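Each chain is listed here by its residues.
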Amino acid sequence: MKSISLDPTSYGTHSMRRTKVAYIYRKTGNLRAVQLLLGHTKMDSTVRYLGVEMEDALTIAEAIEI
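I will try to describe carefully the structure that is included in this document. Model, not experiment: these values are computed from the prediction. (Residues numbered from 1 in each chain as written. Predicted model: local features only at pLDDT ≥ 70, side-chain atom pairs only at ≥ 80, totals over all residues. Heavy atoms only, no water.)

## Considerations on the pattern of salt bridges
- Enumeration over the complete set of coordinates arrives at 1 salt bridge.
- Arg-48 serves as the salt-bridge partner of Asp-44, at 3.5 Å between the closest nitrogen and oxygen. Of the two residues, Asp-44 and Arg-48 are both situated in helix α3 (residues 43-50); the distance of 4 residues between them amounts to about one turn of the helix.
- Residue classification places Asp-44 among the partly exposed positions, given a relative accessible area of 32%. (Salt bridge = Lys/Arg side-chain N within 4 Å of Asp/Glu carboxyl O. Helix = DSSP H or I, 4+ residues; strand = E, 2+ residues; numbered from the N terminus. Buried < 20%, exposed > 50% of the residue type's maximum accessible area, 1.4 Å probe, protein only.)

So, in structure tokens, the structure goes:
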């Protein structure tokens, strides 16, 4: 963290992990991709992790064909 000028006491690997997938979700709207990246087996786990409203998440998930 110091190498990129961030205070290591303010950030951890979990917060960085969450930030990256939240960014991916915002840019793509692809909840399924985020689910796969996180290794979640249930979509509702991913929804809770991101803090997404269930109705929005279901709409996005239904639009993505697997």
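Right, picking up where we left off after that structure.
## Brief notes about the packing of helix α2 (residues 31-38) against α3
- α3 packs onto α2 with a crossing angle of 95 degrees between their chain directions and a minimal axis gap of 10 Å. The angle between α2 and α3 falls in the class roughly perpendicular. In contact with Leu-31, Arg-32, Val-34, Gln-35 and Leu-38 of α2, α3 contributes Met-43, Thr-46, Val-47, Tyr-49 and Leu-50.
- For the contact of α2 with α3, the per-class residue count stands at 7 nonpolar, 2 polar and 1 charged. (Axes fitted to C-alpha atoms, helices over the stretch in contact; angles between N-to-C directions. Parallel < 35°, antiparallel > 145°, perpendicular 65-115°, else oblique. Contact = heavy atoms within 4.5 Å. Nonpolar A, V, L, I, M, F, W, Y, C, P; charged D, E, K, R; others polar.)

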